[in-house]
Amino acid sequence: MALTAGSADVQTRTLPSAWTSLDNGTDMQEALEALDTYKKKDPSKVVVRFKAVGNAPIMRQNLYKITASNRFQAVIQFLRKELGWKAGDPLFTYINLAFAPAPDDTVSNLFKSFATEGHLIVNYSTTAAWG
């Protein structure tokens, strides 16, 4: 059967959207509230202990309090500043002598997962020490 423009057999179909909800948008409201909570800065501080590895210079003060909501990139920049190193100087960082964290990891997530005796231990080196 062929359909013409004036035919009454034309049906409109709508596909369900992933963002529409059968319960009048309460899921959407919960999602927006979760996003707002995520966007808020965490004012709490985390104690970070820096430890030199290999031929890296030892810091006079190795305990610092760093804002928990900072990205690990901020810790790397802070460490470079404290050591007096330029952006091009090699710096390798590790958590608990085990792995190199991604610069976009948050300090609070690393602390919650890998804290030792209330400190986040960050080892630093001028050469790659672990893979």
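Throughout this document, residue positions are counted from 1 along each chain, in the order its sequence is written. Where totals are concerned, whole chains, interfaces and linings use all residues; where local detail is concerned, this predicted model gives features only for residues with pLDDT of at least 70, and gives and counts side-chain atom pairs only at 80 or more. Values reported for side chains reflect all heavy atoms of the structure, with hydrogen atoms and water molecules removed beforehand.

Helix numbering and strand numbering both begin at the N terminus, where a helix is a DSSP run of H or I of at least 4 residues and a strand a DSSP run of E of at least 2. When helices and strands are tallied, the chain shows 3 helices and 4 strands. Counting from the amino terminus, helix and strand elements in the chain follow one another as α-β-β-α-β-α-β. Within the chain, the fraction of its 131 residues that count as buried is 26%. Accessible surface area values rest on a Shrake-Rupley calculation with a 1.4 Å probe, where residue burial reflects the displayed protein chains alone. Roughly 9,500 Å² of accessible area belongs to the chain as shown, and the carbon and sulfur atoms make up 55% of that amount. Relative accessibility decides the category of a residue: with a 1.4 Å probe and only protein chains considered, values under 20% of the type maximum give buried, values over 50% give exposed, and everything between is partly exposed.

Moving on, we come to unusual backbone geometry. Notably, Asn 96 is not glycine yet its phi reads approximately 55°, a positive angle. As for its placement among the helices and strands, Asn 96 is situated in the loop between β3 (92–95) and α3 (107–114). Backbone geometry places Glu 117, a non-glycine residue, at a positive phi of 55°. Summarising the element assignment, Glu 117 is placed in the loop between α3 and β4 (120–125).

Here we take up the sheet that holds strand β1 (residues 45–52). Hydrogen bonds between backbone groups are what pair the strands of a sheet, and the pairing can be parallel or antiparallel. A pair of strands is considered paired only if DSSP assigns at least 2 bridges between the two. Read from one edge to the other, the open sheet built from 4 strands follows the order β2-β1-β4-β3, with strand pairing classed as mixed. The two strands at the open ends of the sheet, each matched to only one other strand, are β2 (63–67) and β3. Going from strand to strand, the sheet's axes swing by 35° on average, the running direction of each strand aside. In this description, contact between two residues means that some pair of their heavy atoms is separated by no more than 4.5 Å. Note on definitions: angles span 0 to 180 degrees between N-to-C directions of axes, and those axes are lines fitted to C-alpha atoms, for helices only across the stretch in contact. Against the sheet, helix α2 (residues 72–83) contacts β1, β2, β3 and β4, and its axis sits at roughly 125° relative to β3. Seen against the sheet, α3 touches β1, β2, β3 and β4 and runs at an angle of roughly 110° to β4.

Right, let's get into α2. For α2, with 12 residues, the first-to-last C-alpha span of 17 Å sits near the 16 Å given by 1.5 Å per residue. Inspection of α2 places Phe 72, Val 75, Ile 76, Leu 79, Arg 80 and Leu 83 among the buried residues, and these make up the whole buried set. All buried residues of α2 fall inside an arc of 135° around its axis, so they share one side. Of the surrounding elements, those touching the buried residues of α2 are β1, β2, β3, α3 and β4. Note on α2: the residue one or two positions beyond its end, Gly 84, has a positive phi of about 75°. An expected span of 1.5 Å times one less than the residue number is assigned to each helix. When we speak of the arc, we mean the arc of directions from the helix axis to the C-beta atoms.

Let us look at the packing of aromatic side chains. Any two of the Phe, Tyr and Trp rings considered here, Trp counted by its six-membered ring, make a pair once their centres fall within 6.5 Å; the pair's planes then place it as stacked at under 30 degrees, edge-to-face at over 60, or tilted in between. Throughout the structure, instances matching the rule amount to 4 aromatic pairs. With a centroid separation of 4.8 Å and an interplanar angle of 75°, the aromatic rings of Tyr 64 and Phe 78 are classed as edge-to-face. In this pair, Tyr 64 sits in strand β2 while Phe 78 sits in helix α2, placing the two residues 14 residues apart along the sequence. The class for Tyr 64 is buried, based on a relative accessible area of 15%. The structure contains a cluster of three or more aromatic residues connected by ring pairs, namely Phe 50, Tyr 64 and Phe 78.

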